[in-house]
Amino acid sequence: MTNADKLRLIEEHYRGILNANDKVSFNQLMKEDLAFKQDVKDYKAIFVGFESLHVENFQNNLFNFEAKHQTDNKTKVLELNGTVNKTAVIRPLKKFYMAAAAIALLICATFGYNQMTASPFDDNFIADAEIAVHIESIRGGEQELSQEEIIKKIAFSAYQKEEYDKAINLLEGYITDYPEKAAKDFQSYLVLGVSQLASEKTIESIETFNYVLHGKDSSYKQQSEWYISLANVKLDKFDEAENLLTIIASQNGHCHKKDAIKLLADL
Amino acid sequence: MLEKKDNQVLDAIKRGDPKTLERLYDEIRQPFLVWASQLYQCESEDAVEIYQKAYTIMYMNVRNGKLTNLTSSVKTYLFSIGKNLFREKFRNKHNRLVNLDDVSNTNAINVEVDANVLDNYEDTHKKELVRKLLGEIGDPCKTLLELMFIKGYSAEAVVREMNYSDERVVRKRKSLCLKKMREMVAEKKDSNLL
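Counting residues in each nonpolar core, the largest one holds 42 residues, and the members touching the most others are Phe125, Tyr159, Val194, Leu197, Tyr227 and Leu230 of chain A. At the level of secondary structure, the elements contributing two or more residues to this core comprise helix H7 (147–160), helix H8 (164–177), helix H10 (186–198), helix H11 (202–213), helix H12 (221–234), helix H13 (238–249) and helix H14 (257–266) of chain A. When residues of this core are assigned to their parent elements, the largest contribution, seven residues, is made by H10 of chain A. In contact with Val194 of chain A, other than residues within four places in its own chain, are Phe125, Ala127, Ile131, Tyr159, Phe209 and Tyr227 of chain A. Listed in part, the 37 residues of the second largest apolar core include Phe36 of chain A together with Leu144, Met148 and Met184 of chain B.

The partner chain B presents 39 residues to the 36 residues of chain A that form the contact. Across the chain A/chain B interface, buried area totals approximately 3,700 Å², and carbon plus sulfur atoms make up 60% of it. Together, Phe50, His54 and Phe58 of chain A form the three largest contributors to the area buried by chain A at its contact with chain B, with a combined 18%. At the junction of chain A and chain B, the tally comes to seven salt bridges. For Arg131 of chain B, the salt bridge is made with Glu56 of chain A, and the minimal N-O distance between the two is 3.0 Å. For the pair chain A and chain B, the interface holds 15 residue pairs in polar contact (both at pLDDT 80 or more). Secondary-structure elements contributing two or more residues to the side of chain A that touches chain B are helix H1 (3–15) and helix H3 (34–87) of chain A. A total of 28 residues in the side of chain A that touches chain B trace back to one element, the largest contributor, which is H3 of chain A. Across the side of chain A that touches chain B, the residue classes break down as 15 nonpolar, 11 polar and 10 charged.

Cut-off values and rules
Residues numbered from 1 in each chain as written. Chains lettered and ligands numbered in written order. Predicted model: local features only at pLDDT ≥ 70, side-chain atom pairs only at ≥ 80, totals over all residues. Heavy atoms only, no water. Core = buried A, V, L, I, M, F, W, Y, C linked by side-chain atoms within 4.5 Å. Buried < 20%, exposed > 50% of the residue type's maximum accessible area, 1.4 Å probe, protein only. Helix = DSSP H or I, 4+ residues; strand = E, 2+ residues; numbered from the N terminus. Contact = heavy atoms within 4.5 Å. Buried area = accessible area lost by both parts, 1.4 Å probe. Salt bridge = Lys/Arg side-chain N within 4 Å of Asp/Glu carboxyl O. Polar contact = N/O pair within 3.5 Å; in protein donor to acceptor, adjacent residues only side chain to side chain. Nonpolar A, V, L, I, M, F, W, Y, C, P; charged D, E, K, R; others polar.

This is the structure:
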């Protein structure tokens, strides 16, 4: 049996598609050929990894299929409204009353609509309070906090009260004055980013979230991905937002998976 | 496309034919959503989520040879998976879970499915490892492995896509690329990067 044949057996073993004859060959090789046994072990990560990537790719395709339907639905609603207007039979004398009523209704509806509806960003942005829990206070109980922790605590408290400018000033000061500690403090960067996003400093917020995203601590990365998507929506960079949202939506364990699917549909 | 040609559709799915997959998704989607909203009174986004899950399970069953022949239509099969997924979604946590293998044909309409079965394919660590290796391996290996393993192209389709002379060359190249990838894994292990 050639090496290529052996590799095919290993691949089919991990995909669970070995036929009866190949199963016999595979089991025999496992018993008799130590090198083959080692190959089976070594290739596991590669074939399992590829299968996971294949499923991810397939699910991304499904999101694309679905996105087309979401767009179609919006178009159909518009077309349907158009059809109703075309097929309606209106008596001549009533026509003017109807037109006047329609115009009045349109003015009221437009005004009401503008009052009621917000952009996809406003519909989906929430400054999550849970990200700004000051952990040192909880851990330390009544113990005295260091100067930098006090600054952080006040900043987080300002964030919780939606005093975003104050939170930004304090956190920027903390980052400048305590660079070594702040460099690894991705929670503070996340709170700073959300505060910037909430106070129209959208471009700055993306830079801040990117810092979190490229850091070594993975605890706040999913949140950062979500907020970067929202920031891109706010900047009308819909392609970039959709790309990232599609990635989020395809990850089963992502804490913003459902939000991403909803926002994709909104877009 | 459905009914008469369902087993031909299975062949196309097995080949990973993107047009068939999209057409099938489009054809069954609306009846599935109507059925789901009437029977389970769920939000449309929940129905879409279950539909996509059912569709993925069906695809993986075909791809991995668990579903090779249908006694009824693809549509009925998808509905039966959907029904089981809905039941799983709403079921009492203490009840017994049954493996996906049990719904490999439409006769299994009343059999329950483990709704987390897709998690079996979600091995984040190995997935990220392979993604990283693909980023480092360079072409033509990167393109060839992506086409064959991630996009599910056949050797024949790779011949066309990458202008190789025949399928034998593709298989040989694939084997060499996998070997190279294995060596990269070993190097990373040696330097404690894994």
